[in-house]
Amino acid sequence: MTGKLYLIPTTLGEETEPLEVMPLSVKKVIEQIDYYIVENEKSARRFIKKISPKKQQPTLTIKLLDKYAIVEETQKYLDVCAQGFNVGLLSEAGVPAIADPGASIVKLAHQKNIKVVPLVGPSSILMAMMSSGFNGQNFAFNGYLPIDKSDRKRKIKDLERTARDKNQSQIFIETPYRNEKMFVDLKATLSPQTNLCIAVDITLPSEFIKTMSIKDWKHQQPDLHKKPAIFIIDK
């Protein structure tokens, strides 16, 4: 039988116990798989050990899927499925293939007619949207905004316009060390009546989720420095 590709979620931070935010089925799958595709080997091994302490680490075969990965090599990562072995695709945080390089491996699995099995786990994007109070029927994820200050402000205004005209919540993220600059730009660029949700450290003890108008945000200064955050704009 051909092996399957399992999309395995990880926690959104090491302070959270895996089985507090994901079902037992994730642990069971990890205990059965010895072949993994990951973004960072060290953190992947740490997560596997945490969720399955008895798992024999030396038996694991781990392939890297990071910015240095050679495309021609990644095309061979699923070859073991032809020998009947299952492969686990691990995200660095949250669920694989969402704001994550794993999508290329999922696409490859479909091309090779390998069954793809997504497992339940925390997604900061969806959990932020759930918690925002915004339109859950119509929303869009925009990834990272431009780094250039003028381009970023122009994009922020574009997202605000889309949120208003289409009644569509606009979700985006930023590199954690630039969160505070993003917050400053949002307050300076968005209209006072526009609503903004900021969700930080989701599922962690330091979790912070708040939705307010820009007018009210101007009197607030949440701790965003070097913390994973989700930003959502709504009319």
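Fair warning: this is a prediction, and the values are worked out from it, not measured in the lab.

### So, helix α7 (residues 149-166)
- Helix length check: α7 (18 residues) gives 26 Å between terminal C-alpha atoms against 26 Å at 1.5 Å per residue, within 8%.
- Three or more residues of α7 are buried, namely Arg-152, Ile-156, Leu-159, Glu-160 and Ala-163. Mapping the buried residues of α7 onto a view down its axis gives an arc of 100°, with all of them on the same face. Opposite the packed face of α7, turned more than 90 degrees from it, sit the exposed residues Asp-165 and Lys-166.
- Packing partners of the buried residues in α7 comprise β6 (139-144), β7 (169-173), α8 (179-189) and β10 (229-234).
- Count one or two residues on from α7 and you reach Asn-167, which has phi positive near 50°.

### Some details on the side chain of Arg-178
- Note on placement: Arg-178 falls in the loop between β7 and α8.
- A distance of 3.4 Å separates polar atoms of two side chains, one belonging to Arg-178 and the other to Glu-174.

### Looking at the pattern of salt bridges
- This model, assessed by the stated rule, comprises 15 salt bridges.
- Notably, a salt bridge pairs Asp-158 with Arg-161, separated by 2.9 Å at the nearest N-O pair. On the criterion of helical spacing, the pair formed by Asp-158 and Arg-161 is a turn pair, its members being 3 residues apart in helix α7.
- With relative accessibility at 32%, the residue Asp-158 sits in the partly exposed group.
- Looking at Arg-161, the relative accessible area reads 37%, which means it is partly exposed.

About the criteria used
- Residues numbered from 1 in each chain as written.
- Predicted model: local features only at pLDDT ≥ 70, side-chain atom pairs only at ≥ 80, totals over all residues.
- Heavy atoms only, no water.
- Helix = DSSP H or I, 4+ residues; strand = E, 2+ residues; numbered from the N terminus.
- Expected span 1.5 Å × (residues − 1).
- Buried < 20%, exposed > 50% of the residue type's maximum accessible area, 1.4 Å probe, protein only.
- Arc of directions from axis to C-beta.
- Contact = heavy atoms within 4.5 Å.
- Polar contact = N/O pair within 3.5 Å; in protein donor to acceptor, adjacent residues only side chain to side chain.
- Salt bridge = Lys/Arg side-chain N within 4 Å of Asp/Glu carboxyl O.

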